[in-house]
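Breakdown of the fold
One letter stands for each residue in the lines below.
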Amino acid sequence: MYQACVGIDWATTEHVVCVLDSNGRRLSRFRVEHTEDGLDDLVERLGRFGDRVDVAVGIERPDGLVVDRLLEAGHSVVAVKPAAIRAYGSAETPSGAKSDPADAETIAEYLRLKADRLDPIRPYSPQTRALSLDPPV
């Protein structure tokens, strides 16, 4: 069980973040821009909720800059399936009302309840990361 579970509703220019404690109580909700400064802010803010390995992050993407930054910071990152989140969200919100903050909270709650059945993304090995930094020949 994680100390905190984070849901990120990913978007092109900004991301909505919701942090829940292990009992499902909302600790924080905020937005960050999809910029270097915004992602620095995200990592710094999530670091306030405990050891990074104990602060798991759910996001509907298995890759990308946000995922890379979170993995580099030491967070457990789980790519949640959008269809699973939609199904879970519709069961929890029968009205079908949708909003980015509600979606982020749904992802965090789904992760909190299903964490033992979800596999975290494995960070790239140092060798693989070195290859990605080599300029093409």
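Refer to the structure printed above.
Let me begin by describing the structure that accompanies this report.

About the thresholds
- Residues numbered from 1 in each chain as written.
- Predicted model: local features only at pLDDT ≥ 70, side-chain atom pairs only at ≥ 80, totals over all residues.
- Heavy atoms only, no water.
- Core = buried A, V, L, I, M, F, W, Y, C linked by side-chain atoms within 4.5 Å.
- Buried < 20%, exposed > 50% of the residue type's maximum accessible area, 1.4 Å probe, protein only.
- Helix = DSSP H or I, 4+ residues; strand = E, 2+ residues; numbered from the N terminus.
- Contact = heavy atoms within 4.5 Å.
- Pairing = 2+ DSSP bridges.

**Let's talk about the nonpolar core**
Among the nonpolar cores identified, the biggest contains 22 residues, and Val-6, Ile-8, Val-17, Val-19, Leu-42, Leu-46 and Leu-70 are the most heavily contacted of them. Within the residue set of this core, elements represented by two or more residues are strand E1 (4-9), strand E2 (14-21), strand E3 (26-33), helix H1 (36-46), strand E4 (55-59) and helix H2 (65-73). The element best represented in this core is H2, accounting for five residues. Once residues within four sequence positions are removed from consideration, Leu-46 is found in contact with Val-6, Val-17, Val-19, Phe-30, Val-55, Val-57, Leu-70 and His-75. Cys-5, Ile-85, Tyr-88 and Ile-107 belong to the second largest nonpolar core, which has twelve residues in total.

**Concerning the pairing of E1**
Burial runs high along E1: six of the six residues are buried. In E1, alternate side chains face the same way, and those of Ala-4, Val-6 and Ile-8 on one face and Cys-5, Gly-7 and Asp-9 on the other are all buried. Bridging between E1 and E2 involves six bridges; their strand directions are antiparallel. If you follow Cys-5 over to E2, its bridge partner there is Leu-20. Between the antiparallel neighbours E1 and E2 lie four residues. In the sheet, E1 pairs with E4 via five bridges, with the strands oriented parallel. Of the residues in E4, the one forming a bridge with Ile-8 is Ile-59.

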